[in-house]
2 protein chains.
Amino acid sequence: MVMGRSDAARRGETAGRPAAQAAAELVLQQYFPYRLARLAEQVSLAVAEVYSERFSLTRQEWRVLAILGARQEIATKEIGPLTTLDKMQVSRAVQGLETRGIASRKPHPDDRRELIVSLTSAGRTLYRKIVPYALEREAALLAVLTEEEAEVLDRVMRKMSAALT
Amino acid sequence: MVMGRSDAARRGETAGRPAAQAAAELVLQQYFPYRLARLAEQVSLAVAEVYSERFSLTRQEWRVLAILGARQEIATKEIGPLTTLDKMQVSRAVQGLETRGIASRKPHPDDRRELIVSLTSAGRTLYRKIVPYALEREAALLAVLTEEEAEVLDRVMRKMSAALT
DNA sequence: CCAAGTTCGTAACAGATGTTACTATCTGCT
DNA sequence: AGCAGATAGTAACATCTGTTACGAACTTGG
């Protein structure tokens, strides 16, 4: 399946003219990268209602919070790889969380360049409050799929992601 | 399939403690909205090599160019819905294209608020140059999938997108 | 035919994001 | 020990993006 071509292009011809030079026709609405970006944006928006509108966190802060919720402590430098944020984004997100009293930082005892981040108890409370909503959103999204569609989707995402590494 | 929960959470318990309060554990790496955003970003980056690095267009300009390539002329106000860009993004993208001599604008004869956009011949040449690369990228992405995986993916994207409208 | 409201596109500001380069600290090599 | 890199985090700047609000042009109801 070649998603982004028009039917005419798939047949190797361009509207009007019969197949001369190989068709170079791209239909944006059918172009896979565009469709994927669009869907991801829709999903992101739907999920952002949870952490952004209800709890006024940025997307980056939410990601960091999600990581922090699963561990007691974590070195700042580990956050980036886990959240796909660069170090500046992590720095800003953690600062944001610290400012609101959601996270706190302390120096690493053996390496004074590093900082160790953890949730405050207020942060942990917030985490426990948000997560059910976040999981609910995810479940609602996946609920429109059949069991096997969800499985294929999972596989497809892994495959593509791996192919792009 | 509930992607974003840990196995323990799926069993209704949290590490160490047996199932007491309903598990509220979220594993970011398995959380569907995160995974989708990540994949879309990877794909976007891979495709951006084509229009951004090789031809120094922004994502928005590329979308507008893609629309323009399929039509002779188009009213500015029609571009937004077709590209999922808001009117300010369209305004900037078209300006960018105009500045580089890729697109040109003329006033609408019957409504002087509107502008009609079309590609210059340089723009059309650029379009014909880019499109094969863009389609190649798409094909390479889809090539990692089986025929039926691609079909399910197509269906899944439609379903989800529709559910979020 | 004209006041009130709407639509089109953009200017201008504000806020977010990416980039560069810097400080402080650590590590390894001689 | 002491110096040449490497690494962690951030300040400061440049750029991009979103938002508000505006001027110009159109439409509509009285």
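Preceding this paragraph is the structure being described.
These numbers were taken from a predicted model, which means no experiment stands behind them. (Residues numbered from 1 in each chain as written. Chains lettered and ligands numbered in written order. Predicted model: local features only at pLDDT ≥ 70, side-chain atom pairs only at ≥ 80, totals over all residues. Heavy atoms only, no water.)

Enquirer: Lay out the interface of chain A and chain B in plain terms, naming residues and giving numbers.
Expert: Opposite the 62 residues of chain A that make contact, chain B presents 63 residues. Regarding the contact of chain A and chain B, the summed buried area is about 6300 Å², with carbon and sulfur atoms giving 68% of it. In this assembly, chain A and chain B are joined by six salt bridges. Here Lys159 of chain B makes a salt bridge to Glu149 of chain A, at a shortest N to O gap of 2.7 Å. Our enumeration of links across chain A and chain B arrives at 22 residue pairs in polar contact (both at pLDDT 80 or more). Elements supplying a minimum of two residues to the side of chain A that touches chain B: helix 2 (32-53), helix 3 (59-69), helix 4 (76-83), helix 6 (121-142) and helix 7 (147-163) of chain A. For the side of chain A that touches chain B, the element with the highest residue contribution is helix 7 of chain A, accounting for 15 residues. (Contact = heavy atoms within 4.5 Å. Buried area = accessible area lost by both parts, 1.4 Å probe. Salt bridge = Lys/Arg side-chain N within 4 Å of Asp/Glu carboxyl O. Polar contact = N/O pair within 3.5 Å; in protein donor to acceptor, adjacent residues only side chain to side chain. Helix = DSSP H or I, 4+ residues; strand = E, 2+ residues; numbered from the N terminus.)

Enquirer: Describe the sheet that holds strand 2 (residues 103-107) of chain B, with residues and values.
Expert: All names here are of chain B. Spatially, the three strands line up as an open sheet ordered 1-3-2, and their pairing is antiparallel. Since the sheet does not close on itself, it has two edges, and those belong to strand 1 (73-75) and strand 2, each with one partner. The average undirected angle you get between the axes of adjacent strands in this sheet is 30°. Pairing of strand 2 with strand 3 (residues 115-119), which is carried by five bridges, proceeds in the antiparallel orientation. Bridge pairing links Pro107 to Leu115 in strand 3. Where helix 4 (residues 76-83) meets the sheet, its contacts fall on strand 1 and strand 3, and the angle it forms with strand 1 comes to roughly 90°. (Pairing = 2+ DSSP bridges. Axes fitted to C-alpha atoms, helices over the stretch in contact; angles between N-to-C directions.)

Enquirer: Summarise the protein's contact with DNA strand D; cite the residues concerned and give the values.
Expert: In the vicinity of DNA strand D there are 18 residues, among which Thr76, Ser91 and Arg105 of chain A together with Arg92 and Arg112 of chain B approach most closely. Expressed as a percentage, the sugar and phosphate content of the atoms of DNA strand D within 4 Å of the protein is 59%. A distance of 3.2 Å separates a phosphate oxygen of DNA strand D from a polar side-chain atom of Thr76 of chain A. Within the contact set of DNA strand D, a base nitrogen lies 3.0 Å away from a side-chain nitrogen or oxygen of Lys87 of chain A. Of all the elements in the fold, those that place two or more residues in the surface near DNA strand D are helix 4 and helix 5 (87-99) of chain A together with helix 5 (87-99) of chain B. It is helix 5 of chain A that provides the largest number of residues to the surface near DNA strand D, a total of four residues. A breakdown of the residues in the surface near DNA strand D according to their chemical character gives three nonpolar, four polar and 11 charged. (Near = heavy atom within 4 Å. Nonpolar A, V, L, I, M, F, W, Y, C, P; charged D, E, K, R; others polar.)

Enquirer: Give a description of the protein's contact with DNA strand C that names residues and reports values.
Expert: Around DNA strand C, the surrounding shell holds 17 residues, and the nearest of these are Arg92 and Arg112 of chain A together with Ser91, Arg105 and Arg113 of chain B. Close to the protein, within 4 Å, the atoms of DNA strand C belong to sugar or phosphate groups at a rate of 58%. A distance of 2.6 Å separates a base oxygen of DNA strand C from a polar side-chain atom of Arg92 of chain A. In the environment of DNA strand C, a phosphate oxygen lies 2.8 Å from a nitrogen or oxygen atom belonging to the side chain of Arg105 of chain B. Contributions of two or more residues to the surface near DNA strand C are made by helix 5 of chain A together with helix 4 and helix 5 of chain B. Element by element, the count of residues in the surface near DNA strand C is highest for helix 5 of chain B, at four residues. Residues that form the surface near DNA strand C fall into these classes: three nonpolar, four polar and 10 charged.

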